[in-house]
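# Summary of structural features
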Amino acid sequence: MVTVTTIVLGLIALILFVAAVSGIKIVNQIERGVVFRFGRAQRKIRQPGITFLIPVVDRMRKINVQIVTMPVPTQEGITRDNVSVQVDAVAYFRVEDPLRAAVEVQNYLFAVEQVAQTSLRSIIGKSELDDLLSNREELNKGLALMIDSPALGWGIHIDRVEIKDVQLPEGMKRSVARQAEAERERRARVITAEGEYQAARKLADASAIMSETPGALQLRLLQTVVEVAAEKTSTLVMPLPVELLRFFDRAANDAEARAAEKAPDEQPAVTAGTATDSAAGSAAGVAGSAAGEQAALGAAVQGPEQADEIARLVRPRDATDPVRHA
C-alpha cells in the first residue's frame with residue numbers, strides 16, 4: 001500500500017515539475033510577449049527575460065520590435081502630365097504597440113506591404129515627372145504620411161519611405177536628354193554673355209581713365225610694343241592710334257565741304273567761256289577747211305604763184321581783222 005502511494009505521489013510531483021518547467025518562457029531582447037489567457041489578450045506586455053506562464057491556460061505570442069525593411073514592388077502608373085513610369089520604393093517601419101499588432105491586424109507585414117503599394121500608385125498619379133525626378137524629398141514625406149495613417153491603428157510606426165528608382169520609356173529618356181543638353185547650352189551662353197558684359201564694363205572704365213590722362217594711352221601703346229617685341233619673330237607690329245585716323249577723316253571732310261561751297265560760284269562762268277570758245281573754234285575750223293579746198297583747187301588750175309594769192313584772198317578773218325571788223 002505504501003509503495004503504491006509513493007508511486008502516485010512521485011508521478012504527481014513529476015507532472016507538476018514538468019508543467020512548471022513548460023510554463024517558463026524566455027523573451028529575447030528584440031521581442032515583446034503578448035499573453036492570451038483562455039483566449040483573452042492580457043494588457044500586460046511581457047518584457048525581455050524569463051517569464052512564467054500558467055500551463056494549459058496561457059499562450060504567448062512573441063512580436064518583433066526591430067525596424068523592418070520592406071521593399072515595395074515596382075508599380076506602373078501614369079503621372080499627372082501623362083507620362084508612363086515605373087516606380088519602386090522601400091519602407092522602414094517598426095512595431096510600437098505589440099498588443100495592437102497582435103490583435104488589430106492578422107498579419108501586419110502583409111498589411112503594410114499592401115498599403116505601401118497602393119499609396120505609391122496614388123503618389124504617382126498625383127505627381128508630375130519633374131517631381132519624381134528632382135523633388136523626391138517631398139514625395140517621400142507624402143508617401144510616408146499616407147502609409148502611416150492606417151498603420152497607426154495597427155500599432156505600427158512608419159519610420160521613413162524612400163523612392164528608389166524611376167524607370168522611363170526610351171523615348172522619354174531621349175527627350176529628357178535633349179532638354180538637359182539645351183539647358184546646358186543656355187547656361188553656357190548666359191555665362192559667356194555675362195563675361196563679355198563685365199569685360200566691356202571694365203574696358204569702358206579703363207578708357208574713361210585713359211581719356212582723363214593722355215599720357216596713359218601712350219604708355220599703354222609702348223607696353224603693347226614691348227610685349228610684341230618680346231616674341232621671337234621678325235615682324236614688328238606698330239599700333240596706330242585711332243585718334244590720328246579720325247583727324248585725317250575730319251580734315252578730308254572739311255576739304256570736301258569747302259570745295260562744295262566754291263563750286264556753285266565758278267560753274268556758270270566756266271560754262272559760258274567754254275561755249276564761246278567752242279563756237280569760235282568750230283567756225284574757224286569750217287572756214288579753214290573751205291579755204292584749204294579753194295586754195296588747193298586754185299593751185300591745181302593756175303599754178304603755184306597764183307595759188308598763194310587765192311588762198312590769201314579767201315582766208316577767213318577773225319574778229320581782230322580791221323577790215324572785217326569795220
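Conventions and cut-offs
Residues numbered from 1 in each chain as written. Predicted model: local features only at pLDDT ≥ 70, side-chain atom pairs only at ≥ 80, totals over all residues. Heavy atoms only, no water. pLDDT = per-residue confidence, 0-100. Contact = heavy atoms within 4.5 Å. Pairing = 2+ DSSP bridges. Helix = DSSP H or I, 4+ residues; strand = E, 2+ residues; numbered from the N terminus. Axes fitted to C-alpha atoms, helices over the stretch in contact; angles between N-to-C directions. Salt bridge = Lys/Arg side-chain N within 4 Å of Asp/Glu carboxyl O. Buried < 20%, exposed > 50% of the residue type's maximum accessible area, 1.4 Å probe, protein only. Core = buried A, V, L, I, M, F, W, Y, C linked by side-chain atoms within 4.5 Å.

Mean pLDDT over the chain stands at 77; residues scoring 70 or higher make up 76%. In this model, residues 268-307 is a region of pLDDT below 50 whose contacts with residues beyond four sequence positions or in other chains number 14 contacts. Ignoring residues within four places in sequence, the model shows residues 313-326, a span with pLDDT below 50, making ten contacts including any to other chains.

With that settled, the discussion passes to the sheet that holds strand β7 (residues 84-95). With respect to topology, three strands assemble into an open sheet ordered β6-β7-β8, the strand pairing being antiparallel. Across the chains shown, the open sheet's two edge strands, defined by having one partner strand only, are β6 (68-78) and β8 (156-167). Adjacent strand axes in the sheet meet at a mean angle of 25 degrees when their direction is disregarded. Relative to β7, β6 is paired through nine bridges, and the arrangement is antiparallel. From the neighbouring strand, Ile78 faces β7, where its bridge partner is Ser84. Strands β6, β7 and β8 of the sheet are contacted by helix α3 (residues 108-126), whose axis makes an angle of about 35 degrees with β6.

On to the pattern of salt bridges, then. Tallying each qualifying case throughout the model produces eight salt bridges. With a shortest N-O distance of 3.7 Å, Glu96 and Arg94 are connected by a salt bridge. Here Arg94 falls in the partly exposed class, since its relative accessible area comes to 30%. Between Arg160 and Glu162 there is a salt bridge; the shortest N-O distance is 2.1 Å. Among the charged side chains, a salt-bridge network with shared partners connects Glu183, Arg186 and Arg187.

Attention now goes to the sheet that holds strand β2 (residues 31-37). One open sheet accounts for three strands, arranged β3-β2-β5; its pairing is antiparallel. Looking along the sheet, the strands with just one partner apiece sit at the ends: β3 (40-46) and β5 (58-64). On average, each strand axis in the sheet is inclined to that of its neighbour by 30 degrees, with strand direction left out of account. Pairing between β2 and β5: seven bridges, direction antiparallel. Residue Gly33 lies in a different strand from β5, and its bridge partner there is Lys62.

Once that is clear, we can look at the nonpolar core. Where a protein is soluble and globular, its nonpolar side chains tend to be buried together. Core analysis: the largest hydrophobic core is formed by 39 residues, its most contacted members being Val85, Tyr108, Trp154, Ile156 and Ile158. Put simply, the parts of the chain that give this core at least two residues each are β2, β6, β7, α2 (98-103), α3, α4 (129-134), α5 (136-151) and β8. Take this core: its biggest share by element is eight residues, from α3. Setting aside anything within four residues of it in sequence, one finds Tyr108 in contact with Ile63, Asn64, Phe93, Val95, Ala101 and Ile156.

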